[in-house]
Amino acid sequence: MPFLTRRNLLKASAVAGAYGVGMGIAGKFGPAAAAPEPQLLTAVKTEAMLTEKGPTRDVMSWGHDGMPPVLRMTKGQPYAARLNNQLDEPTTIHWHGLRIDNRMDGVPFVTQPYIYTGDSFDYAFTPPDAGTFWYHPHCNTLTQMGHGMTGMLVVEDPADPDFDAEVLLNLRDWRLGGDGQFIAPFRPRDAAKSGTYGTVRTANWHQEPQYDAPAGGLVRLRIAITDVTRIFSLTMGGADATVIAIDGNPVPKRFPLDLLQLGPGQRLDLAVRMPDGEGAVATLEDIRGTTPKTIASLRAVGPSLKRNIGDLGPLAENPVPKADLSAAEQIPLVLSATAENAAVESICGTLGYSFWAINKVPWPGDTPNPTAPLAELKLGKSYVFNLENTTPHAHPIHLHGMSFTVISSSTREVMPLISDTYLVQPDEKVQLALVADNPGDWVLHCHIIEHQKTGMTSYVRVS
Ligand code: C2O
Ligand code: CU
């Protein structure tokens with residue numbers, strides 16, 4: 001679907017349903033089965049205990065129970081959610097990493113109209129892939145995500161191997177002052193560099209939480225980096241951890257977690273073999289930066305289950321089509337800094353600066369008249385995105401609607417990982433291959449939200 005102009009948008013809302021609102025059509029990624037009862041997600045402003053300083057005001061979530069609910073769905077089974085907007089600004093939900101119908105993708109002006117205060121919108125889709133994903137608004141995101149609206153989403157596969165426990169970690173920071181209340185979400189000079197960091201780091205909205213897990217057991221640790229800025233270098237102390245999936249997809253070959261760098265938007269599934277001794281603690285740490293930081297820990301409880309990581313069966317591969325590299329067309333995608341400082345009016349939250357660009361074009365903001373697509377892709381054809389980072393900063397580049405396979409990098413050995421987000425390092429060139437199998441306009445952007453909102457966004461059109 002092409003972008004809507006403001007006039008078309010008004011026309012579209014007048015005839016209602018122009019975007020296929022809540023029709024439960026799952027397109028080629030699933031049967032057009034009747035959607036189940038929608039899960040109610042009410043976007044609200046609330047308060048939460050994030051520090052010892054008492055409740056933080058102006059927290060945003062879905063519901064008043066603190067952290068957004070973990071959404072669970074099953075691979076190949078229809079799912080439905082009704083977003084009810086009780087915020088005093090428009091919002092939407094994007095299902096990060098899910099390859100679903102374009103009309104359900106949640107990007108204002110690109111795939112759906114704003115959901116205004118008091119309005120609701122029915123999302124309905126069938127997740128084709130199992131794994132660890134997440135969801136967040138795609139509107140005024142530095143504020144809405146920065147104030148709490150980042151939730152985890154698990155797509156289960158009934159054939160998944162058996163673990164003794166599962167622990168989810170939603171990793172994010174908060175920009176709070178000494179009084180525990182929100183401070184300015186960003187500083188322009190930092191937005192023009194690696195982004196503005198939060199001041200309070202949390203896992204599941206707690207600082208350094210500890211969870212119990214069976215001694216000697218195998219724990220599936222599902223981690224999502226939902227922060228708007230922070231890149232993590234993850235390591236585990238006190239237990240053996242094996243990487244079993246990255247960004248929702250099983251790794252081609254499992255490997256022990258030594259040190260893994262993951263950017264905003266990325267996920268990691270670990271199989272942690274808990275220590276045998278009751279009370280022993282395994283600690284997940286971030287060692288990026290000067291002082292290592294504990295993120296969360298697992299404490300062994302009960303008699304040892306004496307499990308062996310080798311006992312763990314494989315995760316089923318997700319049905320992501322393989323690109324035909326011999327026929328693939330090459331698409332250049334150059335990330336750069338731009339010198340302009342153009343502010344553009346947008347009610348969906350512009351930051352008022354333009355520091356970054358893709359193929360020299362800075363995104364003008366979420367407006368009814370954005371730039372032309374980066375590329376027009378033919379449905380069913382194979383492509384290789386040649387991503388080149390000419391900036392001195394790392395950028396987690398995320399593509400909506402389709403998954404790619406990492407083919408090669410100019411700076412390191414890569415596994416053929418299937419993913420939706422690639423953390424491209426300074427001066428790195430990387431090749432990402434995909435089959436353009438999902439029709440629609442799909443945005444592609446840096447998931448450091450200040451970069452996304454100051455130019456590093458574009459989209460591809462598949463038809
Ligand atoms: Cu996590 Cu454009 O999205
Ligand atoms: Cu970036």
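Note that the structure is a prediction, hence the values are computed from the model and not measured. (Residues numbered from 1 in each chain as written. Chains lettered and ligands numbered in written order. Predicted model: local features only at pLDDT ≥ 70, side-chain atom pairs only at ≥ 80, totals over all residues. Heavy atoms only, no water.)

Participant: Describe in detail the pattern of salt bridges, supporting the description with residues and values.
Facilitator: Counting across every chain of the model gives 24 salt bridges. Between Asp 173 and Arg 230 there is a salt bridge; the shortest N-O distance is 2.6 Å. Within this pair, whereas Asp 173 is found in strand β9 (residues 165-174), its partner Arg 230 is found in the loop between β12 (218-225) and β13 (232-237), the two being separated by 57 residues in sequence. Accessibility expressed as a relative area gives 3% for Asp 173, which makes it buried. One salt bridge in this structure joins Arg 273 and Asp 276, with 2.9 Å as the shortest N-O distance. Through salt bridges with shared partners, a single ionic network connects Arg 72, Glu 156, Asp 160, Glu 166, Arg 220, Arg 222 and Asp 269. (Salt bridge = Lys/Arg side-chain N within 4 Å of Asp/Glu carboxyl O. Helix = DSSP H or I, 4+ residues; strand = E, 2+ residues; numbered from the N terminus. Buried < 20%, exposed > 50% of the residue type's maximum accessible area, 1.4 Å probe, protein only.)

Participant: Outline the coordination of the copper ion (ligand 2), listing residues and values.
Facilitator: Here the copper ion (ligand 2) is held by the protein donor atoms His 395 (ND1), Cys 446 (SG) and His 451 (ND1), which lie 2.0 to 2.1 Å from it. Donor residues for the copper ion (ligand 2), ordered by position in the chain, follow H-x50-C-x4-H. For the pair Cys 446 and His 451, a shared accessibility class is recorded, and that class is buried. (Donors = N, O, S within 2.8 Å, 3.2 Å for Na, K, Ca; no water.)

Participant: How would you summarise the sheet that holds strand β23 (residues 382-389) if you had to cite specific residues and measurements?
Facilitator: In spatial order, the strands read β21-β20-β23-β28-β25-β26; together these six strands make up an open sheet with mixed pairing. Of all strands in the sheet, those bounded by a partner on one side alone are β21 (356-358) and β26 (418-419). Direction of pairing for β23 relative to strand β28 (residues 429-435): antiparallel, over a ladder of seven bridges. For Phe 385, the partnering residue across the bridge sits in β28 and is Leu 432. (Pairing = 2+ DSSP bridges.)

Participant: Account for the side chain of Arg 175, naming residues and giving values.
Facilitator: In this structure, Arg 175 sits in the loop between β9 and α3 (188-191). For the buried Arg 175, no salt bridge is present, and the opposite-charge side chain at shortest range is Asp 190, 6.3 Å distant. At 2.7 Å, the side chain of Arg 175 and the backbone oxygen of Ala 184 are in polar contact. Looking at Arg 175, its side chain comes within polar contact range of the main-chain oxygen of Tyr 197, at 3.0 Å. Filtering out sequence-adjacent residues up to four positions away, Arg 175 remains in contact with Gln 181, Phe 182, Ile 183, Ala 184, Pro 185, Phe 186, Arg 187, Thr 196, Tyr 197, Gly 198 and Thr 199. (Lys, Arg positive; Asp, Glu negative; His and termini not counted. Polar contact = N/O pair within 3.5 Å; in protein donor to acceptor, adjacent residues only side chain to side chain. Contact = heavy atoms within 4.5 Å.)

Participant: Provide a residue-level description of the pairing of strand β8 (residues 151-156), including the pertinent values.
Facilitator: In terms of residue burial, β8 counts as a mostly covered element, since five of its six residues are buried. Note: strand β3 (residues 71-74) against β8, four bridges, orientation parallel. By the bridge assignment for β8, Met 73 is matched with Val 155. Where strand β7 (residues 131-136) meets β8, five bridges bridge the pair, whose relative direction is antiparallel. Counterpart to Phe 133 in the pairing with β8 is Leu 153.

Participant: With reference to specific residues and values, describe the environment of His 451.
Facilitator: On the secondary structure map, His 451 appears in helix α4 (residues 449-452). Assessed through its relative accessible area of 0%, His 451 is described here as buried. Residues within four places of His 451 in sequence aside, it is in contact with Ala 191, Lys 193, Ser 194, Gly 195, Trp 356, Ala 394, His 395, Cys 446 and Met 456. Among the polar contacts listed, one links the side chain of His 451 to the side chain of His 395, at a separation of 3.0 Å.

Participant: Any chance you could break down the pairing of strand β2 (residues 54-62) for me, citing the residues and the numbers?
Facilitator: As paired elements, strand β1 (residues 39-51) and β2 share six bridges and run antiparallel to each other. Following the sheet pairing, Ala 43 is matched in β2 by Trp 62. Count of turn residues in the β1/β2 antiparallel hairpin: two residues.

Participant: Which residues make up the environment of Leu 50, and what values do they have?
Facilitator: Note that Leu 50 resides in strand β1. Taking the relative accessible area as the measure of exposure, Leu 50 reaches 4% and is therefore buried. Sequence separation between Leu 50 and His 206 is 156 residues; the distance between their C-alpha atoms is 6.5 Å. When neighbours within four sequence positions are excluded, Leu 50 is seen to be in contact with Thr 56, Val 59, Trp 174, Leu 176, Val 200, Trp 205 and Gln 207.

Participant: Explain the sheet that holds strand β29 (residues 440-446) residue by residue, including any values.
Facilitator: Judged by pairing direction, the sheet is mixed, and its five strands sit side by side in the order β22-β30-β29-β24-β27 without closing on themselves. The open sheet has two edge strands, β22 (375-377) and β27 (421-424), and neither has a second partner. Along the sheet, successive strands turn relative to each other by an average axial angle of 20°, direction set aside. (Axes fitted to C-alpha atoms, helices over the stretch in contact; angles between N-to-C directions.)

Participant: Go over the side chain of Asn 85 with me, naming the residues and quoting the values.
Facilitator: Secondary-structure assignment places Asn 85 in strand β4 (residues 79-85). Here Glu 89 takes part through its backbone oxygen, which lies 2.8 Å from a polar atom of the side chain of Asn 85. A polar atom in the side chain of Asn 85 sits 2.9 Å from the backbone oxygen of Ile 115. In contact with Asn 85, not counting residues within four places along its chain, are Ala 43, Pro 90, Thr 91, Ile 115, Tyr 116, Thr 117, Gly 118 and Asp 119.

Spatial relationships are all this shows, so hold off on functional conclusions.
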